[in-house]
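What follows is each chain in one-letter form.
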Amino acid sequence: MIPVGCVLTMVGTGSEMNGGSVITNHKQKLKIGHVFGENVFPKFSVMNPEYTFTLPKYQMVSGIYDIMSHILEQYFSGTDDNTSDYIMEGLLRSLIHSANIAVENPTNYEARSNIMWTATWALNTLVAKGKTTDWMVHMLGQAVAAHTDATHGMTLAAVSLPYYRYILPYGTAKFARYAVNVWGVDPHGKTEKQAANEGLARMEAWMQKIGLVMNITEPGANEAMLDDIVKSTHIMDGGYKILNAQDIRAILQASL
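Caption draft 1: Representation of helix H9 (residues 245–255) within the structure. Buried within H9 we find Asp247, Ile248, Ile251, Leu252 and Ser255. Taken around the axis of H9, the buried residues stretch over an arc of 130 degrees, which confines them to a single face. Counted as exposed and oriented over 90 degrees from the buried face of H9: Gln246 and Ala254. Buried residues in H9 make contact with helix H4 (136–148), helix H5 (152–167) and helix H8 (226–232). N-capping of H9 is provided by Asn244, with a side-chain oxygen placed 3.0 Å from the backbone N of Gln246.

Spelled out as structure tokens, the structure:
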């Protein structure tokens, strides 16, 4: 018997321990997330990496990117010297390292356990401390998924780089820091913008390497859907730029 207040984790999803959920309204083409708070937050999680060994690669890398997106959407906010950002940089480096191993050897216990452990810290509220948080990648990805029924992590991957390149001018210093501290970009002789763009280029190459979907066309979206997807996109206000409908459409257009 599983005690009340615990979670038995059997597959490597993008989050292992949090108090939220996402509900899809197929009729209205909406995916709506809601954080219910402490009343449904598990007291502990039982996590066994061996249950993730037989997960298809497509689902594994989708979950890996969901983990990464959870971290990045908390990281890309604020301009202060926040301890949470240092923690997130370490989590991202660990995730990238372990993902590279797991893609080549899905039954590597150490890699799969580190991915699962990172997933827990990515969304159990720790790294959100002192942050405004963004979450627009999730809003964009969920809107695409509501119209295509595509796999969650893949829709996030498909919209991430167009979104981050769109908001980079509003948070250039943080993107440059991300490039240096996560992707090992050498900032010497480069402007912040150059370093930031190099970091996103390295991120893009890694995403392609592990097999992520890099556009919204592949999972079924097309230009004729864009206006409806824009209407399905909930706007958040914690990031470096508050988007409007025109911004959202431009990002989606760049995601095709």
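Right, picking up where we left off after that structure.
Caption draft 2: Spotlight on the nonpolar core. Residues Met68, Tyr178, Met203 and Leu252 are the most contacted members of the largest nonpolar core, which totals 66 residues. Discounting residues that sit within four places of it in the chain, Met68 has contacts with Leu92, Leu95, Ile96, Trp183, Met203 and Trp206.

Caption draft 3: How the structure looks around the environment of Ser45. You can see Ser45 is positioned in strand E4 (residues 44–47). As for Ser45 and Thr120, which are separated by 75 residues in sequence, their C-alpha atoms are 8.8 Å apart.

Caption draft 4: Structural view of the side chain of Thr148. Summarising the element assignment, Thr148 is placed in helix H4. Those residues in contact with Thr148 that lie beyond four places of it in its chain are Pro219, Gly220, Ala221 and Met225.

Caption draft 5: Focus on helix H7 (residues 192–210). Over its 19 residues, H7 extends 27 Å from the first C-alpha to the last, a length consistent with the 27 Å expected when each residue adds 1.5 Å. For H7, the complete set of buried residues consists of Ala195, Ala196, Gly199, Leu200, Met203, Trp206, Met207 and Ile210. Projected down its long axis, H7 shows its buried positions confined to an angular sector of 135 degrees, all on one face. Facing away from the buried surface of H7 by more than 90 degrees, the exposed residues are Lys193 and Lys209. The secondary structure elements touched by the buried residues of H7 are helix H1 (57–75), helix H2 (83–104), H5 and helix H6 (172–183). Gly211 occupies a position one or two residues after H7 and carries a positive phi of about 100 degrees.

Conventions we followed
Residues numbered from 1 in each chain as written. Predicted model: local features only at pLDDT ≥ 70, side-chain atom pairs only at ≥ 80, totals over all residues. Heavy atoms only, no water. Buried < 20%, exposed > 50% of the residue type's maximum accessible area, 1.4 Å probe, protein only. Helix = DSSP H or I, 4+ residues; strand = E, 2+ residues; numbered from the N terminus. Arc of directions from axis to C-beta. Contact = heavy atoms within 4.5 Å. Polar contact = N/O pair within 3.5 Å; in protein donor to acceptor, adjacent residues only side chain to side chain. Core = buried A, V, L, I, M, F, W, Y, C linked by side-chain atoms within 4.5 Å. Expected span 1.5 Å × (residues − 1).

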